[in-house]
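For reference, the chains in residue letters:
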Amino acid sequence: MRAKTMSPDLALAVGIVPDLGLRAYSPRDQPALESICADVYGGNDYLPKMALQISSDAANTLLVLTEADAPVAVANLKRLSASVAWLEAVRTKPQRRGSGLASRICAAQAALAASEGRKVLSATVASNIAMLRAFTRCGFTPAGSLHLLSWPALRALPGWASGDDQGPEPPRSLLRALDLESAHGTPAARNLTARFERLGSAAAVRRALAAAGGGV
């Protein structure tokens, strides 16, 4: 999703009503944040563990929407470049979901980005109707779609099974298994996929990706 350009003053006026406050996240908000995120991702939300690190990074602005100074919603704005920011980690107190708080804090973040000359991008799954509604209220428009890969579907591709299931099929790159290599693979990538080797570290993965992209 992509935010339309809007007046910062207008967005803030729409986003924050008098009985709500808006401020930067503070370590004292940690207990409230843990409560807000308790049922997110089946109780395994990354945000409570990462909030202090996120808020300490100058590229981020982690905002807290408050009621009587108690956090009721949070959202982070991550600056990706001089012209683009990413809206993420939008969370609302369970008892207040559906009351428009997500729209208000997203509007405030969009206004902050606009005041800095940045456009805002974000994403959510198609089934998250509440978040999509909040995006729409803030003036966001669809910019594209991301597609997730299914692991069972990958295992069904030629050369992608493992162990005893491998059978006579030799290992193949994903593009080759999908018969897309000739159209989308660079010569460097095709040379690499002529052989397979185990990569045992993140550094090895980065080196392989750089080689496949011709040094990118």
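Everything that follows concerns the structure shown earlier in this document.
Residues numbered from 1 in each chain as written. Predicted model: local features only at pLDDT ≥ 70, side-chain atom pairs only at ≥ 80, totals over all residues. Heavy atoms only, no water.

S.K.: For the state of the cysteines, give the residues involved together with the corresponding values.
M.R.: The tally for this structure, following the rule as stated, stands at zero disulfides. No disulfide involves C106; its sulfur sits 5.0 Å from that of C138, the nearest cysteine. Classification of C106 by relative accessible area gives buried; the value is 0%. (Disulfide = S-S within 2.5 Å. Buried < 20%, exposed > 50% of the residue type's maximum accessible area, 1.4 Å probe, protein only.)

S.K.: Describe in detail helix 4 (residues 101-115), supporting the description with residues and values.
M.R.: Spanning 15 residues, helix 4 covers 21 Å between terminal C-alpha atoms, matching the ideal 21 Å at 1.5 Å per step. Burial analysis of helix 4 places 11 of its 15 residues in the buried class, which makes it a mostly covered element. Those residues of helix 4 lying buried are L101, A102, S103, I105, C106, A107, A108, Q109, A110, A111 and A113. At the exit of helix 4 stands G117, carrying a positive phi of roughly 80°. (Helix = DSSP H or I, 4+ residues; strand = E, 2+ residues; numbered from the N terminus. Expected span 1.5 Å × (residues − 1).)

S.K.: Please set out the environment of A89 residue by residue, giving values where relevant.
M.R.: Tracing the chain through its elements places A89 in strand 5 (residues 84-92). Residue class for A89 comes out buried when judged on its relative accessible area of 7%. When near neighbours in sequence (up to four residues on either side) are disregarded, A89 contacts Y46, L47, V74, A75 and N76. (Contact = heavy atoms within 4.5 Å.)

S.K.: Just give me the short version of a nonpolar patch on the surface, but keep the residues and values in it.
M.R.: Among the surface-exposed residues, Y41, Y46 and M50 lie close enough to one another that they form a single nonpolar patch of about 310 Å² accessible area. With respect to the helices and strands, the residue Y41 is situated in the loop between helix 2 (30-36) and helix 3 (47-56). A relative accessible area of 55% means that Y41 is categorised as exposed. (Patch = residues over 30% accessible without salt bridge, like charges linked within 9 Å, V, L, I, M, F, W, Y side chains within 5 Å. Areas by Shrake-Rupley, 256 points an atom, 1.4 Å probe, with all protein chains shown as cover. Salt bridge = Lys/Arg side-chain N within 4 Å of Asp/Glu carboxyl O.)

Any link to function would need more than the numbers given here.
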